[in-house]
Number of protein chains: 2
Amino acid sequence: MAEPRTRRQRGQDTLARLDTDVDLWVATAGATPHLIPLSFLWDGATLLISTPEASPTGRNLRATGRVRLGFGPTRDVVLIEATADAVPAAEIPPEVGDAFAVRTGFDPRALRTRYLYFRIRPRRVQAWREENELAGRDLMRDGEWLPD
Amino acid sequence: MAEPRTRRQRGQDTLARLDTDVDLWVATAGATPHLIPLSFLWDGATLLISTPEASPTGRNLRATGRVRLGFGPTRDVVLIEATADAVPAAEIPPEVGDAFAVRTGFDPRALRTRYLYFRIRPRRVQAWREENELAGRDLMRDGEWLPD
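What this report covers is the structure whose coordinates are included nearby. (Residues numbered from 1 in each chain as written. Chains lettered and ligands numbered in written order. Predicted model: local features only at pLDDT ≥ 70, side-chain atom pairs only at ≥ 80, totals over all residues. Heavy atoms only, no water.)

### A look at the interface of chain A and chain B
Here is step 1 of the chain: Contacts between the two partners involve 27 residues from chain A and, on the opposite side, 28 residues from chain B.
Here is step 2 of the chain: A buried area of about 2,100 Å², summed over both sides, lies between chain A and chain B, and 70% of it is on carbon and sulfur atoms.
Here is step 3 of the chain: Among the residues chain A hides against chain B, the three largest losses belong to Trp25, Pro33 and Leu35 of chain A. Together they make up 31% of the total.
Here is step 4 of the chain: Between the two partners, chain A and chain B, sit two salt bridges.
Here is step 5 of the chain: Linking Arg75 of chain B and Asp23 of chain A is a salt bridge whose minimum nitrogen-to-oxygen distance equals 2.7 Å.
Here is step 6 of the chain: For the pair chain A and chain B, the number of links is eight residue pairs in polar contact (both at pLDDT 80 or more).
Here is step 7 of the chain: For the side of chain A that touches chain B, the elements supplying multiple residues, two or more each, are strand 1 (23-29), strand 2 (33-39), strand 5 (66-71) and strand 6 (77-88) of chain A. (Contact = heavy atoms within 4.5 Å. Buried area = accessible area lost by both parts, 1.4 Å probe. Salt bridge = Lys/Arg side-chain N within 4 Å of Asp/Glu carboxyl O. Polar contact = N/O pair within 3.5 Å; in protein donor to acceptor, adjacent residues only side chain to side chain. Helix = DSSP H or I, 4+ residues; strand = E, 2+ residues; numbered from the N terminus.)

### A closer look at the pattern of salt bridges
Residue and element names in this part refer to chain A.
Here is step 1 of the chain: The full count for this structure, using the stated rule, is 38 salt bridges over all chains.
Here is step 2 of the chain: For Asp76, the salt bridge goes to Arg17, with nearest N and O atoms at 3.2 Å. Of this pair, Asp76 sits in the loop between strand 5 and strand 6 while Arg17 sits in helix 1 (residues 7-20), and the two are 59 residues apart along the sequence.
Here is step 3 of the chain: We classify Arg17 as buried; its relative accessible area is 16%.
Here is step 4 of the chain: In this structure, the salt-bridge partner of Asp98 is Arg109, at a minimum N-O distance of 2.6 Å. Highlighted residues: Asp98 in helix 3 (residues 94-104) and Arg109 in the loop between helix 3 and strand 7 (115-128), separated in sequence by eleven residues.
Here is step 5 of the chain: Since its relative accessible area comes to 43%, Asp98 is described here as partly exposed. (Buried < 20%, exposed > 50% of the residue type's maximum accessible area, 1.4 Å probe, protein only.)

Structure (structure tokens):
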């Protein structure tokens, strides 16, 4: 097992993943737990995803405003607890909608199914690889990045 | 984009993943959605996982008995909706506990923290890679594998 990374290194790896990954796992809670992979766009502070308004994820997010996100393979994870606010397509600035379409490969504005965007604000961020990185896994708490 | 796989091929790929993968994503619902990677053991019909009794996943599973599991990279996923029954370590047959320890690399029976096993029975299984595999993604419904 590799030596545990410093918090600074984990923060850099986490930001690199947010900048370059295309997909994440999205967990929401309704009558039953829901989990689905979706594509996302990161702007340095928030994530943008999009899903049909009538989908389980869309309904759960509108009902609860809470989401948990998982990135990466299961032995190099980033986990984010976050709030989610629905944004109608008409309120997405054109350049943001375009950037989302380029990054994710799909453009909800062009689809006949009714989609919503969701603006996701991280409240807690954790990152670990193996058991020896469970200590020190918190990188953000209460919406604030922790110091290195 | 590759041609969509037949249902038969998806079934074979899914069983191969259950046989050989070590980890999965476990989504549960409490006051907020929870998501965490865990290791598992597949016996051909059910999955066995283990988590501390007091963890969010342990508490949610005992309260709801419902779980959603995600396997694989986000562009080659298997998703399982399932029920979960708690099994105290004392009720796990020794050979099952041993097989779990070998597969997952940890043995909850040997730990001081109080762990529970959970026996997970799939009710619905889905598998897809890209958008062109969304049609036909159901492999099991109501606990029954669909015919090829």
